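Okay, here's what each chain looks like letter by letter:
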Amino acid sequence: MIALEEEIRASRKALEDEILASRRVLTDEVNACRRALTAIRTRSNSLSPAAMLPSDILALIFDSLALAELPGLASHQYRETPNAQHTILGWITVTHVCSRWRQVALYIPTLWREVTPELGFAWFNRILTRSQQTPISV
């Protein structure tokens, strides 16, 4: 009886190990597919007209947008949380469009000249770092 129980435990352990190994293989395959899809999307996005704009033109557009749409906080009335506030990214939204736009926006210090204290210390530090030697406005 004890030998049978040990044999069952050993078989169960072997089966569990095999299932775990199969899951790892499948997870690796899923991650590889995600990376491949990301690469395909990146190549596809690079063919769009907006992606072909030169960096200096993008910088001018982003600069105009930075003057028009400042980041900040907005209040909304929700039943669950009255007077709830959430962050509005304003012009910083362009950094979420594609990796090239993000790269361009992050490396133009003049875009980061407006500091919005209401967004907190972490934002303040990030903006100060990105503005480099550019004079800032609070």
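How each quantity is defined
- Residues numbered from 1 in each chain as written.
- Predicted model: local features only at pLDDT ≥ 70, side-chain atom pairs only at ≥ 80, totals over all residues.
- Heavy atoms only, no water.
- Helix = DSSP H or I, 4+ residues; strand = E, 2+ residues; numbered from the N terminus.
- Buried < 20%, exposed > 50% of the residue type's maximum accessible area, 1.4 Å probe, protein only.
- Contact = heavy atoms within 4.5 Å.
- Phe/Tyr/Trp six-rings, centres within 6.5 Å; stacked < 30°, edge-to-face > 60°.
- Domains from an automatic or database assignment.
- 1 Å grid on protein atoms, 1.4 Å probe; cavity = no way out; pocket = protein on both sides within 12 Å on 5 of 7 lines; lining within 4 Å.
- Points joined across faces, edges and corners; volume = space filled by probe spheres on them.
- Nonpolar A, V, L, I, M, F, W, Y, C, P; charged D, E, K, R; others polar.

Our focus in this paragraph is the environment of Leu58. With respect to the secondary-structure elements, Leu58 resides in helix H2 (residues 55-68). Under the relative-accessibility criterion, Leu58 is labelled buried at 1%. With 46 residues separating them along the chain, Leu58 and Val104 place their C-alpha atoms 7.5 Å apart. In this structure Leu58 touches Leu53, Arg100, Trp101 and Val104, once residues within four positions along its chain are discounted.

Enumeration according to the criterion identifies two aromatic pairs in this entry. The interplanar angle of 65° and the centroid separation of 5.5 Å between the aromatic rings of Phe62 and Trp101 together place this pair among those described as edge-to-face. Remark: Trp101 occurs in helix H3 (residues 99-106) and Phe62 occurs in helix H2; sequence separation between them is 39 residues. On the accessibility criterion, Trp101 (16% relative accessible area) is buried.

Domain parsing of the protein yields domain 1 (1-47) and domain 2 (55-131). A C-alpha centroid distance of 40 Å is found between domain 1 and domain 2.

Moving on: the layout of surface pockets. Put simply, the largest pocket is a space of about 210 Å³. Lining the largest pocket are 13 residues, and of these Thr42, Asn45, Ser46, Cys98 and Ser99 sit closest to its centre. When residues of the lining of the largest pocket are traced back to their parent elements, those giving at least two are helix H1 (2-45) and H3. With four residues, H1 is the largest single contributor of residues to the lining of the largest pocket. Across the lining of the largest pocket, the residue classes tally to five nonpolar, six polar and two charged. Composition of the lining of the largest pocket by domain shows at least three residues from each of domain 1 (1-47) and domain 2 (55-131).

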